[in-house]
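Structural overview for review
Residues per chain, in single letters:
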Amino acid sequence: MKSKKDPHTNRLGLYVGLLANSATWSGVTAFIVYHPEFESMGHFIMVIFGILYAFISLSLCIDKVQLRIYLISYILPISIAYFTKQGSDNVYIACLLWASTVPVYRIAMMHHREYWSLFHQAYLLKNYSAKLAELARTDDLTGLMNQRSFNQIFEQEIQQAVESRQSYGLLLVDIDHFKMINDSYGHLTGDHCLSQIGLILNRLIEDNIKVARYGGEEFVILLPNATEEKALALAETIRQNLSASVFRFIEREFTITVSVGVAVTYPQQITDAQRLFQFADEAMYAAKAAGRNRVALYQ
Ligand SMILES: Nc1nc2c(ncn2[C@@H]2O[C@H](COP(=O)(O)OP(=O)(O)OP(=O)(O)O)[C@@H](O)[C@H]2O)c(=O)[nH]1
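Scope of this entry: the structure provided in the associated data block. Here the structure is a predicted model, which is why all the values come from computation and not from measurement.

About the criteria used
Residues numbered from 1 in each chain as written. Predicted model: local features only at pLDDT ≥ 70, side-chain atom pairs only at ≥ 80, totals over all residues. Heavy atoms only, no water. Helix = DSSP H or I, 4+ residues; strand = E, 2+ residues; numbered from the N terminus. Buried < 20%, exposed > 50% of the residue type's maximum accessible area, 1.4 Å probe, protein only. Areas by Shrake-Rupley, 256 points an atom, 1.4 Å probe, with all protein chains shown as cover. Pairing = 2+ DSSP bridges. Axes fitted to C-alpha atoms, helices over the stretch in contact; angles between N-to-C directions. Near = heavy atom within 4 Å. Polar contact = N/O pair within 3.5 Å; in protein donor to acceptor, adjacent residues only side chain to side chain. Nonpolar A, V, L, I, M, F, W, Y, C, P; charged D, E, K, R; others polar.

1. Brief notes about the overall build of the protein chain
- The helix and strand tally for the protein chain stands at nine helices and seven strands.
- Across the 299 residues that make up the protein chain, the buried fraction comes to 41%.
- Carbon and sulfur atoms make up 60% of the accessible area of the protein chain, which totals about 17100 Å².

2. What to know about the sheet that holds strand β6 (residues 258-265)
- Strand order across the open sheet formed by five strands is β2-β3-β1-β6-β7, with mixed pairing between neighbours. Unpaired on one side and paired on the other, β2 (210-215) and β7 (295-297) mark the two borders of the sheet. On average, each strand axis in the sheet is tilted by 20° relative to the strand beside it, whichever way the strands run.
- As defined by bridge partners, strand β1 (residues 168-175) adjoins β6 across eight bridges and the pair is classed as antiparallel. Within β6, the position partnered with glycine 169 by the bridge is valine 264.

3. Observations concerning unusual backbone geometry
- Within the chain, isoleucine 250 stands out as a residue other than glycine whose phi angle is a positive 40°.
- As for its placement among the helices and strands, isoleucine 250 is situated in the loop between β4 (247-249) and β5 (252-254).
- The phi dihedral of arginine 292 falls on the positive side, at around 65°, and the residue is not glycine.
- Relative to the helices and strands, arginine 292 is located in the loop between α9 (273-289) and β7.
- On the basis of relative accessible area, arginine 292 is assigned to the partly exposed category, the value being 28%.

4. A look at the site of the ligand
- Lining the immediate environment of the ligand, one finds 17 residues, of which His177, Phe178, Asp191, Arg213 and Arg292 sit closest.
- Here an oxygen atom of the ligand and a backbone polar atom of phenylalanine 178 are 2.7 Å apart.
- Between an oxygen atom of the ligand and a side-chain N or O atom of arginine 292, the distance comes to 2.8 Å.
- In isolation the ligand has 660 Å² of accessible area, and contact with the protein removes 67% of it.
- When residues of the shell around the ligand are traced back to their parent elements, those giving at least two are β1, α6 (178-185) and α7 (187-204).
- If one sorts the elements of the shell around the ligand by residue count, α7 sits on top with four residues.
- Taken together, the residues that form the shell around the ligand break down as four nonpolar, five polar and eight charged.

Remember that the coordinates give geometry; whether it matters functionally is a separate question.
Listed below in structure tokens is the structure:
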């Protein structure tokens, strides 16, 4: 899942937003300064309002450049509006406005430094903890769910299937003679092959279906609400696609085959996650024993 953009990497957007915000508010305030109906409000109330608004907005600015953009685009049009208005009072107010920006700027700088440093630290912490949680769920090599995450989700989903009286399917995909790939081409080639298989599985499997690397050269696919036909059809698609894929790594080209064990339980049969896993495992070993590169269903 995507997180919010780091404000420090999206400065242009912030500056444009800031400029638009300042321009709008300075326009509104300048309009009020010139409009005869607002004379009764009193210029000093307007200035106080302007300073308060400036202080709040300045405090939210991230850096000095933003503060300056804000000051120039906000204070300049208002003070010009006052300067160009007839009467010495107005020149006095414009000077007061400019003079008031100095303490406002200083206070805002002090305030925003602490505020943003805290905000930034909280933001980084949130980001790091989200990344850590993601790492704890993910297999490094393939980017798929890892075994720990699979175990949790599998237990929960089986429980739900039992409660809602639905069927549940599990596919266990095991690469045939993977040791030979490692022995012949090296461990790095084996790793590359595993990561490519992860990508192929992700491509073949619909978004709502979960796939995990169970460990070594074994992958599992969770199929809530699946019938035997559906589970077998998906297993066959996976087997055919993987065996038709050519893997390339450092000028080496090779193909692989897989054996797939399929187990589907129906409401009256479901006992627990371990048993369903064991059924799929037995089916996978039956596929290996029958000559590999095939799909076997647990009967
Ligand atoms: N490159 C690489 N190899 C791995 C990894 N995890 C496990 N292996 C290797 O996978 C191989 C599994 O070998 P075996 O269990 O004998 O199975 P196999 O050679 O695939 O033979 P069958 O399953 O009987 O078809 C071993 O050589 C492990 O070292 C990994 O993360 N990377």
